[in-house]
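One letter stands for each residue in the lines below.
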Amino acid sequence: GMSITGSALWEDPAFPASDTSVGLTDSPPASWRRFHALFPDAVLPPDIPPGDVRQGALGSCWLLAPVAALASRHPKLLASLFVDTSRMAQGRVTLQTWGGAGWQHLEIDTLLPCDQDGNALFSHGWAALVEKAAAKRCGSFAGLEGGRSVEAFVDLTGGFAKRYSLGEYDDAAATTRITHWISQGALLCASASGREETHTVAVTAAGRRAGQHFVTIRDTASDGALGMTELATAHFLHTFDRLSVGWLAEERQRQVRHQVEMDGLPGGPPMTSTWCTNHQHLIRSPQRCRVHLLLSQSSHAEYLGLSVLSAASVQPVVDCTTEQLHAEAGPERARQLVCEFVAEAGCRYLVVPHSVRARASGIFILRVLSEAPVSMQTLPPINHVDVNGGWEAHTAGGRFPSDRWGSNPQFAVCAPAGGQVRCVLSALNGKDAIGEAAVADARVGLRVLRASESGGEPCGEDQGSSDEGCTGGGATLLLLSGLAGGPATATAAKTAALATQDLTTRAGPPRHERPAPPTSQYQKALVAIARARRALRSPPRMTVAEAGFVSASEGTVLFEAAAGEALLLVPSTQMAGQHGAFRLQLYSSTPLTVRRLADGHHALVRGAWTASSAGGCRVERTWQSNPQYCLELIPPVDQIRITLSRASTANTRARPSNALKPFLRRCDRAESRPNRTMGARMTTRSSMVDSMVGFYVLRCCSSETPAPLDLAQEGKVSAAGVWEVLHETPFTTDARTSCLLRLPMPIPAARYWLCVVPTTFAPGITGEFDLTVCSNSPVTLRCLTE
């Protein structure tokens, strides 16, 4: 069995003398012996000879080469790693290594694994204690196989290290560069890769002698020459292809100015929708200087990255653009990531650490090293609001310009102080809080437009009368983000509660109950968002942005919100009628207010102009034979959008019309120019006239059940009541025509309803059509002339 010599002395229970601590199944130790028994003449700090660093049977050259470089260049720093050697006689010694946020003490016993001849299996001399402390930190000696010298530099010095490729240097350039780094106090190691085994050596000097460039190395391999070995630079570049350069943290050129500990990296990498939720830090330097950012983690669990942006303000940002990007590093799977940049005098820079994987857990340390003092401020978290919703039977309106687009869920958004806003629309999988199924095989997207307030300009063409007290429906959701610390919070909350109550219970509060004029930007924002009303269309002049519709899972839009301006967010699927649940996530650099507007409603009927009902426009004697549709209004009604769409099949002429002949003669005269052909005139006559459609909206008052109107009796009392033309759309050859009517209108005591009369321009043109009505209140649409 395995023997342990010196077992009467202290043994480390956390790292026992066993095969488990070694971890190498192919070469387990035959015995364990004490350090002073193996190396009776070993010299401990502060007198440490560099030649004592000698590698054993373990592939730990990545650790021992930096140890040899440190012993050669900075022996006092290496001696400081041995915190307590006063209890060596008791079999225990304490060393320290850098742990990312500070120095960590490691207490080990002096037992070392040996072979069958009683010799040390691994490193020799005082370096064996450094190697055992590193093995305890890794969990076993086997954990030291195949490490990185850049990480060894960090563990030994508390500084930072970078790796460079030697393939871009020739003899002279490599010699000059190595000489410069050594003169600056750096520690260097060279390594060879691309072979079966990777070997690392310490680089201690470089220069030129007798016209030849040379590099001096120290090889710690057990079968290599101990001491210094001088190689021609050409031979050195042929043997080694990477150079690791380590820098001390507390030097005149680089002082640790700031250190911050972060619990997790939540947002993911740049160009993702949640990147802005990462921790953001503002750095400012009063003078031009070089800055090093060190991002550390305790293991290699995450791919780390750093982004440095030129900051225009002291607010966190929601987007990382190429124009803003000043410097970046990563992604790299390492315990420490280094980003170096030059800070100009008086400029502000935003530092955003991140990982490739969103919601990365663990403790991460950010250190700032610089030549000159710099200020650092950790910014407050980005303002964030989550809203759940869904597309149901009456709210799945599809993408604009769908006739039913206005029935999609709509959210009023306002940033009291203005700023950038990122909105992320996510189609949910499975079930969520509202109990709706996921959207299947449907591309989703967002449209942002300026909200219309009561008494203001509507989101569309104002084709009807107006009422100043109209506000546009009930509020079902009011969310405030970032207002807790703002001025007049209690008053703002009271104003919000009053606005919500008013919108929920009636179309507009009575004059004596209106809230007092706002006195702060927060109150103004609450009033603006309370007055926002549902949009039934989105003309270009009111549209701010549209994004998405390329993925079935997510759509993202980025837009600028003016201070105190209310905007509407309208999430939708690509096609109308696609049901499912969604989540809206809003991120803003300033406080944000969100209110969900009352659901919209729509009604759709399909009709046709037949040989007996294709009466043509109002100037035709046969116009009263056109189809009629009853549109009943259920108060409170804010606005309605009526759309007439032709079916995909082409309209055809059922019979000749004598009334059409004067119009055709006018077309002939207008088209009879020298450069026109008879074919063009015939095409114009057939295509223009046969495809022109429009509709009339008639306002009706009757105490009886709605019935077909006598269209020859405008303004006269009849059995069906009194009617008048409220609106007439222009006749067009487009696939659809629509109008937006602002309501409510003066309603008499009798029953109030609208009659919609879709027509072709000329009589006798048959074909199918769709009539769609969108409103913020329930509406009914039915045919009166069946």
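Residues numbered from 1 in each chain as written. Predicted model: local features only at pLDDT ≥ 70, side-chain atom pairs only at ≥ 80, totals over all residues. Heavy atoms only, no water.

Caption draft 1: Structural view of the sheet that holds strand 22 (residues 383–391). The strand order across the open sheet built from four strands is 22-30-24-28, with neighbouring strands paired in antiparallel fashion. Because the sheet does not close on itself, it has two edges, and the strands there are strand 22 and strand 28 (554–561). The average undirected angle you get between the axes of adjacent strands in this sheet is 20 degrees. (Pairing = 2+ DSSP bridges. Helix = DSSP H or I, 4+ residues; strand = E, 2+ residues; numbered from the N terminus. Axes fitted to C-alpha atoms, helices over the stretch in contact; angles between N-to-C directions.)

Caption draft 2: Here's a closer look at the sheet that holds strand 16 (residues 303–310). Read from one edge of the open sheet, five strands run 17-16-19-14-21, paired in antiparallel fashion. Of all the strands in the sheet, the pair left with one neighbour each is strand 17 (325–333) and strand 21 (375–378). Sheet twist, expressed as the average angle between the axes of neighbouring strands with direction ignored, equals 20 degrees. Here strand 14 (residues 281–284) pairs with strand 21 via four bridges, running antiparallel. Looking at strand 21, one finds that His-281 is bridged to Thr-378.

Caption draft 3: Representation of the side chain of Arg-422 in the model. Along the chain, the position of Arg-422 falls in strand 24 (residues 419–427). Arg-422 gets classed as buried once you look at its relative accessible area, which sits at 10%. A polar atom in the side chain of Arg-422 sits 3.2 Å from the backbone oxygen of Val-318. Not counting the four nearest positions on each side in its chain, Arg-422 is found in contact with Ser-273, Val-318, Asp-319, Thr-556, Val-557, Leu-558, Gln-585, Leu-586 and Tyr-587. (Buried < 20%, exposed > 50% of the residue type's maximum accessible area, 1.4 Å probe, protein only. Polar contact = N/O pair within 3.5 Å; in protein donor to acceptor, adjacent residues only side chain to side chain. Contact = heavy atoms within 4.5 Å.)

Caption draft 4: Local environment of helix 3 (residues 61–73). Taking 1.5 Å as the rise per residue, helix 3 with 13 residues should run 18 Å; its terminal C-alpha atoms sit 18 Å apart, in good agreement. Residues of helix 3 that are buried: Cys-61, Trp-62, Leu-63, Leu-64, Ala-65, Pro-66, Val-67, Ala-68, Ala-69, Leu-70 and Ala-71. Here the buried face of helix 3 lies against helix 4 (75–79), helix 5 (127–138), helix 6 (149–157), strand 8 (187–192), strand 9 (199–209) and strand 10 (212–218). (Expected span 1.5 Å × (residues − 1).)

Caption draft 5: Layout of the nonpolar core. With 51 residues, the main nonpolar core has Val-67, Trp-126 and Phe-141 as its most contacted residues. Of all the secondary-structure elements, those providing two or more residues to this core are helix 2 (35–38), helix 3, strand 4 (92–98), strand 5 (103–109), strand 6 (111–114), helix 5, helix 6 and strand 8. In terms of residues, this core owes the most to one element, helix 3, which gives nine residues. Core analysis: the next-biggest nonpolar cluster, separate from the first, contains 27 residues, Phe-160, Leu-166, Val-215 and Ile-217 among them. (Core = buried A, V, L, I, M, F, W, Y, C linked by side-chain atoms within 4.5 Å.)

Distances and angles like these do not, on their own, reveal function.
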